[in-house]
Amino acid sequence: MIDVSTIKTNLDPSKINTYSDLIEQQGKVQGDKPYILFGDRKISFADFERNTCRIANGLADQGAKPGDGLAILMYNCPEYYDLFYGLPRGGFYSVPVNTALKGEGLSFIFKNSDVKFLVVDEELFPKIKELGTELGDIKKIFIHRSSDAALSDGTLDFDVLLQASPEKPNHEPDPEAIAYLMYTSGTTGFPKGVVNRNKSGNTEGLILLSSMLVQPDEVLFTALPLFHANALLLTASFSMAAGVPFGLEKKFSASGFWDAIRRYGATQFNGIGALMPILMKQPEKTNDADNPVRMILSAACPANIWEAFEKRFDLKIFEAYGAVDGGGVMIMNLGNAPIGSVGQVLRGEWKLVDENDQEVPQGEIGELINKVEDQAASKVEYYNNPEASEKKVKNGWVRSGDLFYADESNNLYFIDRASDSMRRRGENISSFEVESIIEKYPDVETCAAFGVPSELAEDDVMVWLKPTAGANLDLKKLINHCVENMAFFMVPRFIDIVDDIPRTGTLRAQKT
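As a further point, take the overall build of the protein chain. The secondary structure content of the protein chain amounts to 14 helices and 26 strands. What you see for the protein chain is a C-alpha radius of gyration of 23 Å, in line with the 24 Å of a compact globule of 512 residues. By principal-axis analysis of the C-alpha atoms, the protein chain measures approximately 70 × 60 × 55 Å. Looking at the protein chain as a whole, 55% of its 512 residues qualify as buried.

Here is the structure:
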């Protein structure tokens, strides 16, 4: 248990315009108080502030210029946060990369994002070697080492970045500069990089929300992957704004989850749709309710387990909805809406519309769209993809791509994704990407991929396959092809061999 009884939260929001400002101020205010707890390691607010400076100065020492990007292919660790929050202090941007990606999917991210530098875990470096020259514009690769093995030719030790000066970088942040790209899967192509600029960070709103949700003696916790916004942005930034520590695990373990919670003395964590069902499926223990957690900020907790989860683990579930490309829309149920509802939109104009953009009556299902406002956070921009950017915002309204219905009090209830995508193990999956990889297998003429309900309240991947004429399709070899060429969460669980695939007049597969 960490003693946080003396942690202060006396921030001056008027002097905080960016995350870098927040980090700098908390480094001074909180000093040696713990910020990141990782196993036996404790990184203070002051240490973290200095480390972010070292990263920015270190990359500049390696020849980086303002406007250059760096990709991060790493498992959860404190250094991930050093990179993500440190790079903008030198005018650089980061690109968190899904550690499950491989081959063409990995190469696409590097090329599309225009990054010139890469930090990769030693365990993940074989994926980089397999790509050969398919690394886009990457000039230098830094290895985050876990052993004493010799470095590969042409690579550098990540520690050279942390050996740089801890002084504040001699760089004046540009509000228009890109701070990071967050890639999100689409349905008609490869992932799209959501642009987040320095001015996009709503620090005033962050400080307000953290003061509402986080008490002064809290310890937050996450075991979710850092290449997603939840752990990277919500947990770390709420903790930073509130001046409290958070515990970090390298990866999620269902069997070890509550032991980690108790070890860190964590009082709240963020949940995603599949996390709660997974924890509920664990064998019941007599000490399930004997944990320090006060509340969970959840996304898409299944209504049918909501109350049972609260009772079993003796905590409170709050719901929230948001997206990295959602135009800043935020919906929350802080116990002021019915169970199963994500709550009400906190600010701004919104409506639910049908496929013809006509507003649907109360109680009917429609796509959530919200009005683009003057705030920078409401702008949606996809990197190197103006067509997708224009499609995302239509007539001044940001399209969520998600379906809801509203009750008489304007509480919203999430139904499904309007797009032709799937969600499995907390990951968005592009049907197009699954189909394009499977169709490269010589014995497959064509296929259609889609989601079917799973026991974890998300999707399982199913595909219809039409074999090449005369081929003797070996499903075991096909699955091996999938395992070798796509992330594990994309590999189909169900395969149905068909004579033909029904299609619309525009040749889109009819999957329902």
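Turning our eyes to something else, we now look at unusual backbone geometry. Its identity is not glycine, yet Asp314 carries a phi of approximately 55°, on the positive side. Along the chain, Asp314 falls in the loop between helix H11 (303-313) and strand S14 (316-321). Phi at Asn384 takes a positive value of approximately 55°, unusual for a residue other than glycine. Among the secondary structure elements, Asn384 is positioned in the loop between strand S18 (366-371) and helix H12 (386-392). The exposure class of Asn384 is partly exposed, given its relative accessible area of 47%.

With that settled, consider the nonpolar core. Grouped together as the largest cluster of nonpolar side chains are 83 residues, with contacts concentrated most on Tyr81 and Trp258. Residues contacting Trp258, with those up to four places away along its chain left out, are Phe269, Leu279, Asn291, Val293, Phe309, Phe313 and Leu315. In this structure, Leu73, Ile141, Leu181 and Val195 belong to the second largest nonpolar core, which totals 25 residues.

Orientation of helix H3 (residues 78-86) relative to helix H8 (residues 229-242), taken along the N-to-C sense of each, is 85°, at an axis distance of 12 Å. As judged from the angle between their axes, H3 and H8 are roughly perpendicular. Residue-level inspection shows Tyr80, Tyr81, Phe84 and Tyr85 of H3 in contact with H8, the latter providing Ala231, Leu232, Leu233, Ala236 and Ser237. Partitioned by chemical class, the residues of the contact of H3 with H8 number eight nonpolar, one polar and no charged.

So, about the sheet that holds strand S25 (residues 459-467). Sheet architecture is open: three strands sit in the order S24-S25-S26, paired in mixed fashion. The open sheet has two edge strands, strand S24 (444-453) and strand S26 (494-497), and neither has a second partner. Direction aside, neighbouring strands of the sheet carry axes that sit 25° apart on average. Across nine bridges, S24 lies against S25 in antiparallel orientation. Residue pairing for S25: Pro453 is matched across the bridge by Asp459. Against the sheet, helix H14 (residues 475-485) touches S24, S25 and S26, its axis set at about 130° to S26.

A few words on the pairing of strand S13 (residues 295-298). Judged by which residues are buried, S13 turns out to be covered on both faces: Met295 and Leu297 on one side and Ile296 and Ser298 on the other are all buried. Pairing of strand S12 (residues 268-271) with S13 involves four bridges; the strand directions are parallel. Residue pairing across strands places Gly271 opposite Ser298, the latter belonging to S13. Strand direction decides the pairing type here: S13 and S14, joined by four bridges, are parallel. By the bridge assignment for S14, Ile296 is matched with Ile317.

Let's shift gears to H14. What H14 keeps buried is the set Leu478, His481 and Cys482. When H14 is viewed along its axis, its buried side chains cluster within an angular range of 100° and face the same direction. Opposite its buried face, H14 presents the exposed residues Lys476, Lys477 and Glu484, each directed more than 90 degrees away. Contacts made by the buried residues of H14 are with helix H13 (431-438), S24, S25 and S26.

Let us now look at the side chain of Ser210. Of note, Ser210 is situated in helix H7 (residues 203-213). When its relative accessible area of 2% is taken as the criterion, Ser210 is described as buried. The contacts of Ser210, once residues within four sequence positions are left out, are Phe238, Ala241 and Ala242.

Taken as a whole and assessed by the stated rule, the structure comprises 24 aromatic pairs. Pairing Tyr81 with Tyr85 gives two aromatic rings, centres 6.5 Å apart and planes at 15°, and the pair type is stacked. Residue Tyr81 and its partner Tyr85 are both found in helix H3; the two are separated by four residues, about one turn of the helix. With a centroid separation of 5.5 Å and an interplanar angle of 80°, the aromatic rings of Phe488 and Phe489 are classed as edge-to-face. The exposed category is assigned to Phe488, whose relative accessible area is 51%. Residue classification places Phe489 among the buried residues on the basis of a relative accessible area of 4%. Grouping aromatic residues by their ring pairs yields a cluster made of Tyr19, Tyr35, Phe45, Phe48, Tyr81, Phe84, Tyr85, Tyr180 and Phe246. In this structure, Lys192 is placed above the aromatic ring of Tyr382, and the distance from its NZ or CZ to the ring centre is 5.3 Å.

Parameters and conventions
- Residues numbered from 1 in each chain as written.
- Predicted model: local features only at pLDDT ≥ 70, side-chain atom pairs only at ≥ 80, totals over all residues.
- Heavy atoms only, no water.
- Helix = DSSP H or I, 4+ residues; strand = E, 2+ residues; numbered from the N terminus.
- Rg over C-alpha atoms; globule rule 2.2 N^0.38 Å.
- Buried < 20%, exposed > 50% of the residue type's maximum accessible area, 1.4 Å probe, protein only.
- Core = buried A, V, L, I, M, F, W, Y, C linked by side-chain atoms within 4.5 Å.
- Contact = heavy atoms within 4.5 Å.
- Axes fitted to C-alpha atoms, helices over the stretch in contact; angles between N-to-C directions.
- Parallel < 35°, antiparallel > 145°, perpendicular 65-115°, else oblique.
- Nonpolar A, V, L, I, M, F, W, Y, C, P; charged D, E, K, R; others polar.
- Pairing = 2+ DSSP bridges.
- Arc of directions from axis to C-beta.
- Phe/Tyr/Trp six-rings, centres within 6.5 Å; stacked < 30°, edge-to-face > 60°.
- Lys NZ or Arg CZ within 6 Å of the ring centre and 35° of its normal.

Honestly, that's just the spatial picture; any functional story needs more than this.
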